[in-house]
Amino acid sequence: RANSIHLCNPHLEKMKEDILYHFALGTGTHDFPALFGDVKFVCVGGSASRMKAFTAYIAEELGLGSPGCDYPNICAGTDRYAMYKVGPILSVSHGMGIPSISIMLHELIKLLYHAKCSDVTIIRIGTSGGIGLEPGSVVITHQAVDATFKPQFEQVVLGKTVTRSTDLDEQLAKELMQCSKEIGQFNTVIGNTMCTLDFYEGQGRLDGAICLYNEEEKLQYLKEAYDSGVRNIEMESSVFAAMCNLSGLKAAVVCVTLLNRLEGDQISSPHDILVEYQQRPQKLVGYFIKKTLGKV
């Protein structure tokens, strides 16, 4: 099928039933084309409550459903992930870190394939630590890079290291940047995103339970990251980009920065400020969806 999801796994064709265990869904118990066949946009983020809030927000923006409507969690049979749907938009939580989002993506990609979806755009919306940016800035990822600033994702498969590309859709990034200019409410940049395996030592923080380097070494590392094009740090973008590439999904990462890591390690902004910051990627992606659907 043109512009459809493709699976890099010939074994799936031999299975009578595919159980998406961590979603509590299965092809033998659910009609995937009927439930999800109209999906054109998938938005994923770490927090289940944030993805539910995004569903309510985008429903109101698109005039779908009634105000105050409570959207049911499609994955209510499990506590691993949460999934919500309104119109052609699927909103899914992925937890924290590469292992958690990887598991979710395996099952999400299969879900879209079994539902016979096509022309799907998938966007990760989240939070991050900024480098050289004022808190509240939004970063649209050009490339996801590892902790050595290389645009690659490495995974050990059957004892051998497999390296995969982490490029994201350049045209989609430009379209999102144009949307931010039209909104005109917050600073937005396109830059590289460093994806780490850890929140503390892996990101050069000085405030973890273990830290065997000094502040000068930390700042030197972060400045090297900045000079290489990195503008923010999080823990999911590399595997997200790699898996979307292999599956033919047009993908983007849009994250707000909660602090400037060149000025500190701890997130100390007041709660209400952080809540407003976290809404910025939702506003940008919501506007993009509205514009794509011709509702702006």
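Residues numbered from 1 in each chain as written. Predicted model: local features only at pLDDT ≥ 70, side-chain atom pairs only at ≥ 80, totals over all residues. Heavy atoms only, no water.

1. Let's talk about the UniProt feature "binding site: substrate" (unreviewed entry) in the protein chain
UniProt's feature table lists "binding site: substrate" (unreviewed entry) at Q203 and R205, given in the numbering used throughout. The buried category is assigned to Q203, whose relative accessible area is 3%. The contact partners of Q203, leaving out residues within four places of it in the chain, are T196, D198, L222, I233, E234, M235 and R261. Relative to the assigned elements, R205 resides in the loop between strand 10 (188–195) and helix 5 (215–227). Sequence-distant contacts of R205, defined by excluding residues within four places in its chain, comprise F199, Y200, C211, Y213, L259, R261 and D265. (UniProt positions renumbered as here; feature names shortened; annotations may be inferred. Buried < 20%, exposed > 50% of the residue type's maximum accessible area, 1.4 Å probe, protein only. Contact = heavy atoms within 4.5 Å. Helix = DSSP H or I, 4+ residues; strand = E, 2+ residues; numbered from the N terminus.)

2. Quick notes on the nonpolar core
Membership of the largest hydrophobic core comes to 39 residues, with the highest contact counts inside it found for F23, V42, L108, L111, L112, I122 and F240. At the level of elements, helix 1 (32–36), strand 3 (41–45), strand 5 (89–93), helix 3 (98–114), helix 6 (237–247) and strand 12 (250–260) are the ones that each hand at least two residues to this core. If you tally residues by element for this core, the top one is helix 3, at eight residues. In contact with L108, other than residues within four places in its own chain, are F23, V42, V44, L90, V92 and I122. (Core = buried A, V, L, I, M, F, W, Y, C linked by side-chain atoms within 4.5 Å.)

3. Remarks on the packing of aromatic side chains
Scanning all chains against the criterion turns up five aromatic pairs. With centroids separated by 6.0 Å and ring planes inclined at 65°, the aromatic side chains of F32 and F36 adopt a geometry described as edge-to-face. With F32 and F36 both in helix 1 and four residues apart, the pair spans about one turn of that helix. With relative accessibility at 1%, the residue F36 sits in the buried group. Between the aromatic rings of F199 and Y200, the centroid separation amounts to 5.0 Å while the plane-to-plane angle is 80°, which identifies the pairing as edge-to-face. F199 gets classed as partly exposed once you look at its relative accessible area, which sits at 30%. (Phe/Tyr/Trp six-rings, centres within 6.5 Å; stacked < 30°, edge-to-face > 60°.)

4. Comments concerning the packing of helix 4 (residues 170–183) against helix 7 (residues 271–292)
At a closest axis distance of 9 Å, the pairing of helix 4 and helix 7 adopts a crossing angle of 105°. Considering the angle they form, helix 4 stands roughly perpendicular to helix 7. Between helix 4, through L172, E175, L176, Q178, C179, S180, E182 and I183, and helix 7, the contact on the second element is made entirely by K283, L284, Y287, F288 and K291. In terms of residue class, the contact of helix 4 with helix 7 is built from seven nonpolar, two polar and four charged. (Axes fitted to C-alpha atoms, helices over the stretch in contact; angles between N-to-C directions. Parallel < 35°, antiparallel > 145°, perpendicular 65-115°, else oblique. Nonpolar A, V, L, I, M, F, W, Y, C, P; charged D, E, K, R; others polar.)

5. Considering the side chain of D18
Within the secondary structure layout, D18 lies in the segment before strand 1 (19–20). Since its relative accessible area comes to 4%, D18 is described here as buried. Looking at D18, its side chain comes within polar contact range of the side chain of K110, at 3.0 Å. In this structure the side chain of D18 is engaged in a polar contact, spanning 2.8 Å, whose partner is the side chain of H114. Discounting residues that sit within four places of it in the chain, D18 has contacts with L12, L25, G26, T27, K110 and H114. (Polar contact = N/O pair within 3.5 Å; in protein donor to acceptor, adjacent residues only side chain to side chain.)

6. Overview of helix 2 (residues 48–62)
Residues three or four positions apart in an α-helix share a direction because the helix packs 3.6 residues into each turn. Its 15 residues place the ends of helix 2 21 Å apart at the C-alpha level, agreeing with the 21 Å of an ideal helix rising 1.5 Å per residue. Along helix 2, the residues that are buried comprise R50, M51, F54, T55, I58, A59 and L62. Contacts from the buried residues of helix 2 go to strand 3, strand 4 (83–86), strand 5, strand 6 (121–130) and helix 7. Of the residues trailing helix 2, G63 is marked for its positive phi of about 70°. (Expected span 1.5 Å × (residues − 1).)

7. Examining the pattern of salt bridges
Per the counting criterion, the structure on display carries 11 salt bridges. Between D265 and R261 there is a salt bridge; the shortest N-O distance is 2.9 Å. For the pair D265 and R261, a shared accessibility class is recorded, and that class is buried. Residue E276 is joined to R280 by a salt bridge in which the shortest nitrogen-to-oxygen separation is 2.9 Å. Remark: R280 and E276 occur in helix 7; sequence separation between them is four residues, near one turn of the helix. A residue is classified by how much of its surface remains accessible, and E276, at 27% relative accessible area, is partly exposed. Exposure remark for R280: the relative accessible area of 14% places this residue in the buried category. Each of R124, E234 and E236 takes part in a single network of salt bridges with overlapping partners. (Salt bridge = Lys/Arg side-chain N within 4 Å of Asp/Glu carboxyl O.)

8. Considerations on the side chain of E107
You can see E107 is positioned in helix 3. One polar contact links E107 to H22, side chain to side chain, over a distance of 2.6 Å. Discounting residues that sit within four places of it in the chain, E107 has contacts with L20, Y21, H22 and F23.

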